[in-house]
Amino acid sequence: MQGFRTSSDKVLKWAFIASVSVVLLLILLPVLHAIQLSFYHSESFVSNKSWVGLGNYARILNEMIFWKALSVGLIFGCLTIILQVCLGIAFALFLDRNFPGLPIIRGLVILPYLLPTVVVALAFQWMLDGTLGLLTIWSEQLGLGRPSWFENPYLAMTVVIVASVWTWTPFVTVSFLAALQTIPKSLYESAKVDGAGMWSRFWHVTIPMLLPMLMVIILLRSIWMFNKFDIIWLLTKGGPSSATEHLPILAYRRAFLQYDVGGGAAVATLSFLLLSLLILVYFYYYPLEEKESSH
Amino acid sequence: MIISSLRPEKELFDVPTLIPKTIDWQFTSYKNLLELTDYPLQFMNSIIVALAVVVITLIISIIIAYVVTRYRVPGKTMIVGSMLYAYMFPPLMLAIPLLSIFATLGLADSLIAVVLAHCTLTIPLGVWMLWGFFKVMPFDLEEAAMVDGCSRAGAFFRVVLPLSLPGVITVSIFSFLLSWTDYVFAFVLVSSDLNKTLPVGLASLIGSFDARWGELMAGATLIAIPLFLMFVFLGRYFIKGLAAGAIKG
């Protein structure tokens, strides 16, 4: 640690100030601008704005669609997170042993996560295509008829959830797998000596040891799942009749399709506030200082 | 998906099976895709954007992370904390005001807008990850190099950078990945076909090509190929980055 002394230090200092300013400009400016936009009424990004104060918020909060979108987001978020975490842990436990070809399988496991969302959405749409989709035809052969996946609200929600879980479970698996390696084997052995079975070793050794990192995973996943825009938009566009429309999609539709930029910005700001709560919880449990000393 | 892209069109519309009966060695779907759509152009757009994002991210995040770990900087915990905070922002929350700002500046619907927008995701990520790397690197090494007559820049390029190469590579990979696969920002910011990046271009094919699943799957396969290649050659960095909880998704 030192101050800025020599001339090369001075250059670095200015480079640093410039970089930080760029970041502030890129990130802080949009956020402030979104909040500013939410106090105005305007029909597009180039038209005139008129000040409405909290009018946009009052309007949004009085609309059923906002509360519906909030609850859709909560249902989508909670279900996907629960499924991801349970499946992720199950896969990680399964992969945490030695058998031939393991490195390849471990590598393959994260592939869904690396695929662009567009590709995932396309693959699911293809499998669920009304006349040619593989799953449509299988379900017909099973005597369940041809489900219209994207027209039934419950089916559409199920499709969106399954696609999300398929894509983001690998994140949980890989993180959990990495954490599993940090548990000393001796703990399991002494538990075994004390007569603990598979389940009780899992519940009394694995889970307590990994609880802190499990919390991080769940928090991070929640923050990102509540934000998900692309997978839902690409699969259902929020339909049928807003059955899968959550806050990000509502914000987008407001701002871009219904010519209500202020309303869209207000929805975005509200969801941002809700999310900040989650992020604050994260910072409360994992202050940066602690991370600094843990290395 | 790869299978479907190789199927002859006729078979695509028969009763589907998981394994194709014949493989279309003519690559008709690929030919159609490359000759009849803007796909090649959009592929180039994506590459340009992703490379620009990687370069900008590396420069800015190396400077910030290095200075924050090596100098007394007032409020540095706040700087790093706000990076982490920014990294968790809802992308749409940034995309809406960014479009408004770019529209005012006359930059809307341009690749520059997309690059800058992607940087709002990748720079916080880069700073956050490199901060972790620079922090654990012993200062003694650089000091020794400087005592031996290296300038600070020399010490940085000869000692710090080579030692933190895994970190730099990981940041490059994840920046590339975020930019290459991003749909939200490009979708909101770009409207003309000529400036679309691959994911948006592909998604808009769904509407224009009615049920041309062969072409769509060919396009999806081609998007994934660079990722598969990166994964094969640089797989261990992926795992490391993921284990560090370092990607937005």
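Everything quoted here is computed from the prediction, not taken from an experiment.

Helix and strand counts for chain A come out as 14 helices and two strands. The C-alpha radius of gyration of chain A comes to 24 Å, more than 25% above the 19 Å expected for a compact globule of 295 residues. Principal-axis analysis of the C-alpha atoms places the extent of chain A at approximately 75 × 75 × 35 Å. Within chain A, the fraction of its 295 residues that count as buried is 37%. A separation of at least 24 residues holds for 66% of the contacts in chain A among residues at least 6 apart in sequence.

Across its full length, chain B carries 13 helices and zero strands. Going through the 249 residues of chain B one by one, you find that 50% of them count as buried. Counting contacts in chain B only where the partners sit at least 6 residues apart, residues at least 24 apart contribute 74% of the total.

Contact with chain A, which involves 66 residues of that partner, is made by 62 residues of chain B. The leading source of residues in the side of chain A that touches chain B is helix α1 (residues 7-37) of chain A, at 16 residues. Among the residues forming the side of chain A that touches chain B, the class breakdown is 50 nonpolar, twelve polar and four charged.

The backbone of Y259(A) sits at a positive phi, close to 50°, despite the residue not being glycine. Residue position: Y259(A) is located in the loop between α12 (247-257) and α13 (261-285). Judged by the 13 C-beta atoms lying within 10 Å of it, Y259(A) falls in the partly exposed class. Positive phi is not limited to glycine here, since D109(B) has a value of about 55°.

All names here are of chain B. Averaged over all residues, the pLDDT of chain B is 77; the fraction at 70 or higher stands at 80%. When mean pLDDT is taken per element in chain B, helix α4 (residues 39-70) scores highest with 90 and helix α2 (residues 9-12) scores lowest with 43. Confidence over residues 4-17 falls short of pLDDT 50; this stretch has 31 contacts with residues more than four positions distant or in other chains. A low-confidence stretch, residues 245-249 stays under pLDDT 50, and its non-local contacts, those more than four residues away or across chains, total 19 contacts. Scored as a complex, the prediction yields pTM 0.81 and ipTM 0.79.

This next bit is on the confidence of the model for chain A. With 92% of its residues at a pLDDT of at least 70, chain A reaches an overall mean of 81. Scored below 50 in pLDDT, residues 290-295 of chain A shows four contacts in the model against residues more than four places distant or in partner chains.

Turning next to the packing of α1(A) against helix α7 (residues 111-136) of chain B. At their nearest, the axes of α1(A) and α7(B) sit 10 Å apart, and the two run at 105° to each other. The angle between the axes of α1(A) and α7(B) places the two elements in the roughly perpendicular class. Residue-level inspection shows V23(A), L26(A) and I27(A) of α1(A) in contact with α7(B), the latter providing L116(B), C119(B), T120(B) and I123(B).

Turning to the environment of I75(A), a few remarks are in order. Residues and elements named next belong to chain A. Structurally, I75 is set in helix α3 (residues 64-95). Residue I75 is classed as partly exposed on the basis of its 14 C-beta neighbours within 10 Å. Sequence separation between I75 and V281 is 206 residues, and the spatial gap between their C-alpha atoms is 20 Å.

The next point concerns the environment of I60(B). Within the secondary structure, I60(B) is located in helix α4. C-alpha separation for the pair I60(B) and F231(B), spaced 171 residues apart in sequence, amounts to 25 Å. Apart from residues no more than four positions distant in its own chain, I60(B) is found in contact with S19(A), V22(A), V23(A) and I123(B).

Calculation notes
- Residues numbered from 1 in each chain as written.
- Chains lettered and ligands numbered in written order.
- Predicted model: local features only at pLDDT ≥ 70, side-chain atom pairs only at ≥ 80, totals over all residues.
- Helix = DSSP H or I, 4+ residues; strand = E, 2+ residues; numbered from the N terminus.
- Rg over C-alpha atoms; globule rule 2.2 N^0.38 Å.
- Buried ≥ 20, exposed ≤ 12 C-beta atoms within 10 Å, placed from the backbone.
- Contact = placed C-beta atoms within 7 Å.
- Nonpolar A, V, L, I, M, F, W, Y, C, P; charged D, E, K, R; others polar.
- pLDDT = per-residue confidence, 0-100.
- Axes fitted to C-alpha atoms, helices over the stretch in contact; angles between N-to-C directions.
- Parallel < 35°, antiparallel > 145°, perpendicular 65-115°, else oblique.

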